[in-house]
Structures are given as structure tokens and as C-alpha cells.
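Architecture at a glance
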Amino acid sequence: MDDITVDSVLKSALDTLGVPVERLRFKGKADTFITFQIVLGQETGYADDDSTGTEYTYRVDIFSKNDYISLLRRTKQALKEAGFYGITVDPEVFENETGYYHVPIEIKYMEV
């Protein structure tokens with residue numbers, strides 16, 4: 001992938017959604033925003049005693065004070081188009097202390 005990293009591919013895909021996107025923590029103020037973080041990087045596909053790729057698992061979190069279903073659909077589509085797979089939407093929660101709906105999404109990406 002040369003100078004292109006999985007982080008940059010993910011951030012570029014999420015930036016197309018029109019809401020603020022930050023790695024790990026959003027420090028601004030917005031009714032809707034997305035954060036992401038790496039969960040796991042695992043070497044795969046061994047040949048000649050060396051790995052031929054790395055599978056990354058990321059977590060993407062949608063936070064919204066509004067109806068987020070359209071954003072969730074667009075997020076899934078943008079991730080698929082960017083080459084992410086194994087997209088799993090985990091249980092949504094409502095955070096009483098912040099007033100945000102929180103939707104965690106787990107995704108995978110293969111770097112060869």
C-alpha cells in the first residue's frame with residue numbers, strides 16, 4: 001500500500017459522509033459525529049515463512065442526537081466501497097449522560 005495506510009483509507013471513506021470524523025476521540029461539538037479506532041492487526045497468509053498480508057479489525061462508532069438510520073446505511077455503503085468487509089453492527093445504546101445514540105460497528109480490512 002506504500003504511503004496509503006488503512007487509517008487513511010478509512011478516514012477518507014468516512015469523510016464522504018458529511019459529519020465530523022476523528023480517530024479515537026471527538027473533541028468538538030456536533031449533534032452527529034463518528035470516531036474510529038484500530039482493534040487488532042493480525043498477520044495472515046504465510047508463504048516462505050513470512051506473512052503475505054495483514055488483516056485489520058477496526059471499530060467505527062456513530063454518535064448522534066438525531067435519527068441516525070440513514071447515516072448508518074450510508075456508512076456501511078461507504079465502507080464496502082472502500083474495501084472493508086465483515087461489517088457487523090453491534091447493539092445500539094442511548095447514553096443518558098450525553099444524550100447521544102451510540103452505534104458501534106466492527107469492520108475488517110485486508111492489507112497485502
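These lines cover the structure that appears in this document, whether it is placed above or below. Predicted model, so just to flag it, every value in this text is computed and none were measured.

What follows deals with the overall build of the chain. Scanning the chain for helices and strands turns up two helices and six strands. Listing every helix and strand of the chain by position from the N terminus yields α-β-β-β-α-β-β-β. In terms of overall dimensions, the chain has a C-alpha envelope of 55 × 25 × 25 Å along the principal axes. Relative to its full complement of 112 residues, the chain shows a buried share of 38%. Here the analysis covers contacts within the chain between residues at least 6 apart in sequence; of these, 55% occur between residues at least 24 apart.

Within the secondary structure, serine 64 sits in strand β3 (residues 50-64). Under the relative-accessibility criterion, serine 64 is labelled buried at 1%. Side-chain polar atoms of serine 64 contact the backbone nitrogen of asparagine 66, separated by 3.0 Å. Residue contacts for serine 64: discarding those within four places in its chain leaves Asp31, Thr32, Gly99, Tyr100 and Tyr101.

One finds Leu10, Leu14, Ile34, Val60, Ile62, Phe84 and Ile107 to be the most contacted residues of the largest nonpolar core, which totals 23 residues. Residue assignment for this core shows that the elements contributing at least two residues are α1 (6-15), β2 (32-47), β3, α2 (69-81) and β6 (100-111). Ignoring anything within four residues of it in the chain, the contact list for phenylalanine 84 reads Val6, Val9, Leu10, Leu79, Ile107, Lys108 and Tyr109. Of all hydrophobic cores here, the second largest spans five residues; its members include Phe26, Ala30, Phe33 and Phe63.

This paragraph deals with α1. Within α1, burial applies to Val6, Val9, Leu10, Ala13 and Leu14. Along the axis of α1, the buried residues cluster in a sector spanning 125°; they form a single face. Taken together, the buried residues of α1 touch β1 (21-23), β2, β3, α2 and β6.

This part is about unusual backbone geometry. Positioned with a positive phi, leucine 24 is a non-glycine residue whose angle comes to about 70°. Inspection of the secondary structure puts leucine 24 in the loop between β1 and β2.

This part covers α2. Within an α-helix, residues lying three or four positions from one another point in the same direction, as the helix has 3.6 residues per turn. Here α2 is 13 residues long and its end C-alpha atoms lie 19 Å apart, about the 18 Å a rise of 1.5 Å per residue gives. Restricting attention to buried positions, one finds in α2 the residues Leu71, Leu72, Thr75, Ala78 and Leu79. For α2, the arc enclosing every buried residue in end-on projection is 130°, short of the 170-degree limit, so these residues lie on one face. For α2, the exposed residues set more than 90 degrees away from the buried face come down to Arg73, Lys80 and Glu81. Against the buried residues of α2 lie α1, β2, β3, β4 (85-89) and β6.

Rules used throughout
Along each chain, the written sequence defines residue order, and numbers are assigned to residues from 1. The predicted nature of this model means local features are confined to residues of pLDDT at least 70 and side-chain atom pairs, given and counted, to a pLDDT of 80 or more, with totals for whole chains, interfaces and linings taken over all residues. Side-chain numbers come from the whole structure's heavy atoms, not from hydrogens or water. Secondary structure elements are defined from DSSP: runs of H or I of at least 4 residues count as helices, runs of E of at least 2 residues count as strands, and each element is numbered from the N terminus. Only protein chains enter the accessibility calculation, which uses a 1.4 Å probe; a residue whose area is less than 20% of its type maximum is buried, one above 50% is exposed, and one in between is partly exposed. Throughout, a contact is declared for two residues whenever any of their heavy atoms are within 4.5 Å. Pairs of N or O atoms within 3.5 Å make up the polar contacts considered here, provided that, within protein, one atom can donate a hydrogen while the other can accept it, and that residues adjacent in sequence are counted only when both atoms are side-chain atoms. Definition used in this section: a nonpolar core is a set of buried Ala, Val, Leu, Ile, Met, Phe, Trp, Tyr and Cys residues joined via side-chain atoms within 4.5 Å. Taking the helix axis as origin, the arc is that swept by the directions to the C-beta atoms. Each helix should span, by expectation, one fewer than its residue count multiplied by 1.5 Å.

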